[in-house]
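# Observations on the three-dimensional arrangement
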Amino acid sequence: MLLLQRDWPACLLKGGNGLLELPLGAALFGMKPMTFYRTFYTKQPCPKLGHVRRFLRDHGTALALAARRLGGPAASGRVFLLCEAVRHTRYLTRAQSSQLVDFHRLLKLEHVSDPDRIECGLFAEINPASGFVDECCVLSEKLGSLLRKIAENDPAEDSVTPASQKISQAA
């Protein structure tokens, strides 16, 4: 993949505000800022990242809504931050993998029996007969499937990392 990066000459920039300013009277002499392009090559995104991007594109909003009901506004915010981070990265990091595992644990209701956690109080407010419970079960299964795909695509040397261990245990 070929990308072009735009570089403005330092002599034309004034101040630290990021705005391009030409010297006074430069417009009268027809001066325009010059643009130089630097070419560099990037690697293709890892296959794990493609799976995660597709999942978050298709189910990110549902995951955020479920996280809000089960883990509060902070959990929902973490989903949106993960969606944004995954959009702008070239490979899936350990922290992002760990967040996916944490969301899977949230959907599987692992912490609802701990009275010191917010999940306990929020879970008590949910009606077991509501459609939300079915949606959470389906979403949990889809997230579990994603985690299994990620664990399958881990190279052998990465299999001893803590994030990989968490993913394989959660799946």
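Residue indices follow the written sequence of each chain, beginning from 1 at its first position. Confidence filtering applies because this is a predicted model: local features only for residues at pLDDT of at least 70, side-chain atom pairs given and counted only at 80 or more, and all residues used for totals across whole chains, interfaces and linings. Side-chain numbers come from the whole structure's heavy atoms, not from hydrogens or water.

### A look at the nonpolar core
Ranked by internal contacts, the top residues of the largest apolar core, which has 29 residues, are Val52, Leu56, Leu63, Leu100 and Leu107. By definition, any uninterrupted DSSP run of H or I lasting at least four residues is a helix, any uninterrupted run of E lasting at least two residues is a strand, and each is numbered from the N terminus. Where this core is concerned, the elements lending two or more residues are helix H1 (47–71), helix H2 (73–87), helix H3 (94–107) and helix H5 (131–152). It is H1 that contributes the most residues to this core, 9 residues altogether. The term nonpolar core refers to a set of buried residues drawn from Ala, Val, Leu, Ile, Met, Phe, Trp, Tyr and Cys, joined through side-chain atoms within 4.5 Å. Per-residue accessibility, obtained with a 1.4 Å probe over protein chains only, is compared with the maximum for each type, and a residue is labelled buried under 20%, exposed over 50%, and partly exposed between these values.

### Considering the side chain of histidine 104
On the secondary structure map, histidine 104 appears in helix H3. Polar side-chain contacts of histidine 104 include one of 3.3 Å to the backbone oxygen of serine 140. For this analysis, a polar contact is any N or O atom pair within 3.5 Å, provided that within protein one partner can donate a hydrogen and the other can accept it, and provided that sequence-adjacent residues contribute only side-chain to side-chain pairs.

### Notes on empty space enclosed by the protein
Residues are said to line a cavity or pocket when one of their atoms sits within 4 Å of a point; the points come from a 1 Å grid over protein atoms alone, cavities being sets where a 1.4 Å probe fits but cannot get out and pockets being open sets with protein on both sides within 12 Å along at least five of seven lines. Grid points are joined across faces, edges and corners, and a volume is the space filled by probe spheres set on the points. Applying the stated criterion to the full structure yields 1 cavity of 30 Å³ or more. Together, Leu70, Arg105, Leu106, Leu109, Glu110, His111, Val112 and Glu119 line the largest cavity. Three categories are distinguished: nonpolar for Ala, Val, Leu, Ile, Met, Phe, Trp, Tyr, Cys and Pro, charged for Asp, Glu, Lys and Arg, and polar for the others, with Gly belonging to the last. Looking at the lining of the largest cavity residue by residue, the classes come out as 4 nonpolar, 1 polar and 3 charged.

### Description of unusual backbone geometry
With phi around 60°, leucine 109 is a residue other than glycine that occupies positive phi space. Mapped onto the secondary structure, leucine 109 falls in the loop between H3 and helix H4 (118–124).

### Observations regarding the packing of aromatic side chains
Two rings belonging to Phe, Tyr or Trp (six-membered ring only in the last case) form a pair when the distance between their centres is within 6.5 Å. Interplanar angles under 30 degrees mark stacking, angles over 60 mark edge-to-face geometry, and anything in between is tilted. A full pass over the atoms with the stated rule returns 0 aromatic pairs. In this scheme, the term charge over a ring applies when either NZ of a lysine or CZ of an arginine sits within 6 Å of the ring centre and within 35 degrees of the ring normal. The lysine or arginine in question, arginine 69, covers the ring of phenylalanine 132, its NZ or CZ lying 4.2 Å from the ring centre.

### Some details on the state of the cysteines
We call a pair of cysteine sulfur atoms a disulfide when they lie within 2.5 Å. Under the criterion given, the structure shown has 0 disulfides. With no disulfide of its own, cysteine 137 lies 7.0 Å from the sulfur of cysteine 136, the closest cysteine sulfur. Looking at cysteine 137, the relative accessible area reads 42%, which means it is partly exposed.

### Here's the deal with the packing of H1 against H3
It is the contact of H1 with H3, at a shortest axis distance of 10 Å, that shows an interaxial angle of 50°. Relative to H3, the element H1 lies oblique. H3 is crossed by H1, and the crossing has left-handed handedness. Residues Val52, Leu63, Ala66, Ala67, Leu70 and Gly71 of H1 lie in contact with H3, whose contacting residues are Leu100, Phe103, Leu106 and Leu107. Here the contact of H1 with H3 is built from residues that sort into 9 nonpolar, 1 polar and no charged. Here, axes are lines fitted to C-alpha atoms. For helices the fit covers the stretch in contact, and angles between N-to-C directions go from 0 to 180 degrees. Oblique is the label for every angle not falling under 35 degrees (roughly parallel), over 145 degrees (roughly antiparallel), or within 65 to 115 degrees (roughly perpendicular). Should the near helix be turned anticlockwise from the far one by less than a right angle, the crossing is left-handed, and should it be turned clockwise, the crossing is right-handed. The criterion used for residue contact is that any of the two residues' heavy atoms lie within 4.5 Å.

### Here's the deal with H3
With 14 residues, H3 ought to run about 20 Å at 1.5 Å a step, and its terminal C-alpha atoms sit 20 Å apart, in line with that. For H3, the complete set of buried residues consists of Gln96, Ser97, Ser98, Leu100, Val101, Phe103, His104, Leu106 and Leu107. Between the first and last residue of a helix there are one fewer steps than residues, each counted as 1.5 Å, and that sum is the expected span.

### Looking at the packing of H3 against H5
Between two packed helices, the angle of one axis relative to the other and the distance separating the axes together describe the packing. As a packed pair, H3 and H5 sit with axes 9 Å apart at the nearest point and diverge in direction by 150°. Looking at the two axes, H3 sits roughly antiparallel to H5. As for the relative orientation of H3 and H5, their crossing is left-handed in sense. Facing Leu100, Val101, Phe103, His104 and Leu107 of H3, the residues of H5 in contact are Cys136, Leu139, Ser140, Leu143, Gly144, Leu146, Leu147 and Ile150. Its residues assigned to classes, the contact of H3 with H5 comprises 10 nonpolar, 3 polar and no charged.

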